[in-house]
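# Summary of the model geometry
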Amino acid sequence: MQDKEKMLAVYFDQPGDPENLSVKEVPKPHPGRGEVLIKVSASALNRVDLFQRSGKYPSPKGANGILGLEAAGLVAGLGPGCKGQWKTGDTVMALLSGGGQAEYVTVPEGHLMPIPNGMTFVQAAAIPEVWLTAFQLLHFVGKVQSGQTVLIHAGASGVGTAAIQLTRLAKAIPIVTAGTQEKLQLAAKLGAAAGFNYKEEDFRERVLEFTNGSGVDVILDCIGGSYWEKNLNCLSTDGQWIVYGLLGGGEVHGDLLGRLCSKRGSLLTSLLRSREKEYKEKLVKAFTERVLPYFSQDRSPHVQPIIDSVYPLHRIVEAHRTMEENKNLGKIIIEMPPSS
């Protein structure tokens, strides 16, 4: 029988391949001042989890070292100093700096959101990290305006599928890149006005055709170095190029700054995980007020998390493999074992 002060969590002794992962008993956390203890029902996999597991992206100072940047479940306890916004038994989803792929996790109370009516824990677990990332990139960083055109790379990823819907919600025009026809079809279904297969065509030419030569106003770029020249060709005068990932590396060889200056373009970078607690609280509050109501089935326009697959905790290795091989359309969910 499991010790009540212990919990199951994803664990790895040393960085490496997915096979280094295991599930083991670790100490159960206790909420500190202003924190809430969550009994996790479901978490989700993010690209950062793969980087952390392989040793390419250590968790920020002070962050929980267990993988998992989002979770959904029940409030199981309150630390001292909580303001009374939450009570034991509330269904919540949480933005985390780590720790989601475990049976329990603690989180600052301001980083919690209520789960919309009619939504399951599995669906809710697909929201916090990617939807808040996309919302932050579009509104806090890019300040997207109605009528603008937004180029979204990796359009069928978790962030990509959220960004398409949020761009439409902002009355802007989303266009995407992706690597398969199936992924482009998903993006179109979610509202992408156009989609380009980067493996089969030169997306910069197609973007310029779509925009009648003017280029896009905003680029959401998780690729980085390998796309720099094409991105600059796609960018409009006074456009914003927002880099939030480096799947294509961080090195640039060429006259990036000269060409960026010639377009009066802005090159912005953003990471959410390492942001300070207060910033995340403001982000969560703004998202809860401005976007969360649209997840309800009776709202129009309606937005929804896109789920590729659900893996039980003990199949965490398979989940990592699926994401590493870029097989997923939308989110990969990790479901916790049922309570004993």
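Residues numbered from 1 in each chain as written. Predicted model: local features only at pLDDT ≥ 70, side-chain atom pairs only at ≥ 80, totals over all residues. Heavy atoms only, no water.

Under an unreviewed UniProt entry, the name given to the protein chain is Enoyl reductase (ER) domain-containing protein, and the organism recorded is Mauremys mutica.

Glancing now at the overall build of the protein chain. When helices and strands are counted, the protein chain shows 10 helices and 15 strands. Each of the three principal axes of the protein chain carries a C-alpha extent, and together these read 65 × 40 × 35 Å. Within the protein chain, buried positions represent 53% of all 340 residues. Across the protein chain, the fraction of contacts at a sequence separation of at least 24, relative to all contacts at a separation of at least 6, is 67%. Summed over all atoms, the accessible surface of the protein chain reaches about 15200 Å², with 49% contributed by carbon and sulfur. Computed over 36 positive and 35 negative side-chain charges, the inter-centroid distance for the protein chain is 4 Å. (Helix = DSSP H or I, 4+ residues; strand = E, 2+ residues; numbered from the N terminus. Buried < 20%, exposed > 50% of the residue type's maximum accessible area, 1.4 Å probe, protein only. Contact = heavy atoms within 4.5 Å. Areas by Shrake-Rupley, 256 points an atom, 1.4 Å probe, with all protein chains shown as cover. Lys, Arg positive; Asp, Glu negative; His and termini not counted. Charge placed at Lys NZ, Arg CZ, Asp CG, Glu CD.)

The next point concerns the environment of Met7. Mapping Met7 onto the fold places it in strand 1 (residues 6–12). Along the primary structure Met7 and Lys183 are separated by 176 residues, whereas in three dimensions their C-alpha atoms are 37 Å apart.

In this section: the nonpolar core. Counting residues in each nonpolar core, the largest one holds 76 residues, and the members touching the most others are Trp131, Leu220, Trp241, Phe287 and Phe295. Per element, the largest residue contribution to this core is 8 residues, and it comes from helix 3 (residues 128–141). If near-sequence neighbours (up to four positions away) are discounted, Trp241 is found in contact with Ile219, Asp221, Trp228, Asn231, Leu232, Leu235, Leu256, Leu260, Ser266, Leu267 and Leu268. (Core = buried A, V, L, I, M, F, W, Y, C linked by side-chain atoms within 4.5 Å.)

In this model, Ser300 is joined to Pro301 through a cis peptide bond whose omega is 0°. Tracing the chain through its elements places Pro301 in the loop between helix 9 (277–290) and strand 14 (307–312). Phi is positive for Asp238, which is not a glycine, with a value near 70°. Note on placement: Asp238 falls in strand 12 (residues 235–243). The partly exposed category is assigned to Asp238, whose relative accessible area is 46%.

Next up on the list: the side chain of Lys28. In this structure, Lys28 sits in the loop between strand 2 (21–27) and strand 3 (35–45). For the buried Lys28, no salt bridge is present, and the opposite-charge side chain at shortest range is Glu5, 5.4 Å distant. In contact with Lys28, not counting residues within four places along its chain, are Lys4, Glu5, Lys6, Met7, Leu37 and Tyr104. (Salt bridge = Lys/Arg side-chain N within 4 Å of Asp/Glu carboxyl O.)

Our next topic: the pattern of salt bridges. Inspection of the entire model under this criterion finds 13 salt bridges. Salt bridges linked by common partners bring Glu19, Arg53, Arg321 and Glu324 together as one network.

Helix packing for two helices is described by the angle between their axes and how far apart those axes are. Closest axis-to-axis distance for the helix 4 (residues 158–169)/helix 5 (residues 181–190) pair is 9 Å, and the angle between their directions is 30°. Taken as axis vectors, helix 4 and helix 5 run roughly parallel relative to one another. Like other packed secondary-structure pairs, helix 4 and helix 5 cross with a definite hand, here right-handed. Contact residues: Thr161, Ile164 and Gln165 in helix 4; Leu186, Ala187 and Leu190 in helix 5. When the residues that make up the contact of helix 4 with helix 5 are grouped by side-chain class, the tally is 4 nonpolar, 2 polar and no charged. (Axes fitted to C-alpha atoms, helices over the stretch in contact; angles between N-to-C directions. Parallel < 35°, antiparallel > 145°, perpendicular 65-115°, else oblique. Left-handed = near helix turned anticlockwise from the far one by under 90°. Nonpolar A, V, L, I, M, F, W, Y, C, P; charged D, E, K, R; others polar.)

Moving on: helix 5. All of the buried residues along helix 5 are Lys183, Leu184, Leu186, Ala187 and Leu190. Summarising the axial view, the buried residues of helix 5 lie within an arc of 155°, below the 170-degree limit, and thus occupy one face. Of the residues in helix 5, the exposed ones pointing more than 90 degrees away from the buried face are Glu182, Gln185 and Lys189. As for helix 5, its buried residues are in contact with helix 4, strand 9 (173–178) and strand 10 (194–197). (Arc of directions from axis to C-beta.)

Before going further, it helps to spend a moment on the UniProt feature "domain: Enoyl reductase (ER)" (unreviewed entry) in the protein chain. Sites flagged by UniProt as "domain: Enoyl reductase (ER)" (unreviewed entry) map to residues 16–334. Strand forms 26% of residues 16–334 and helix 29%; the C-alpha atoms that close the span are 20 Å apart. (UniProt positions renumbered as here; feature names shortened; annotations may be inferred.)

This next bit is on the sheet that holds strand 11 (residues 216–221). Taken together, the 6 strands give an open sheet; going across it, the order is 10-9-8-11-12-13, and neighbouring strands pair in parallel fashion. Among the strands making up the open sheet, the edge pair consists of strand 10 and strand 13 (266–269). Averaged over neighbouring strand pairs, the angle between their axes works out to 20° when direction is ignored. Two strands pair when backbone bridges link them, and strand 8 (residues 149–152) and strand 11 are joined in this way by 3 bridges, in the parallel orientation. Residue Val150 lies in a different strand from strand 11, and its bridge partner there is Val218. In the packing of helix 3 onto the sheet, the strands contacted are strand 8, strand 11, strand 12 and strand 13, and the crossing angle to strand 12 comes to about 140°. (Pairing = 2+ DSSP bridges.)

Glancing now at the layout of surface pockets. In this structure, the largest pocket spans a volume of roughly 1200 Å³. Lining the largest pocket are 45 residues; nearest its centre among them are Arg47, Ser157, Cys222, Tyr244 and Leu247. For the lining of the largest pocket, the secondary structure elements donating two or more residues are helix 1 (47–53), helix 3, helix 4 and strand 9. Take the lining of the largest pocket: its biggest share by element is 5 residues, from helix 3. When the residues that make up the lining of the largest pocket are grouped by side-chain class, the tally is 22 nonpolar, 16 polar and 7 charged. (1 Å grid on protein atoms, 1.4 Å probe; cavity = no way out; pocket = protein on both sides within 12 Å on 5 of 7 lines; lining within 4 Å. Points joined across faces, edges and corners; volume = space filled by probe spheres on them.)

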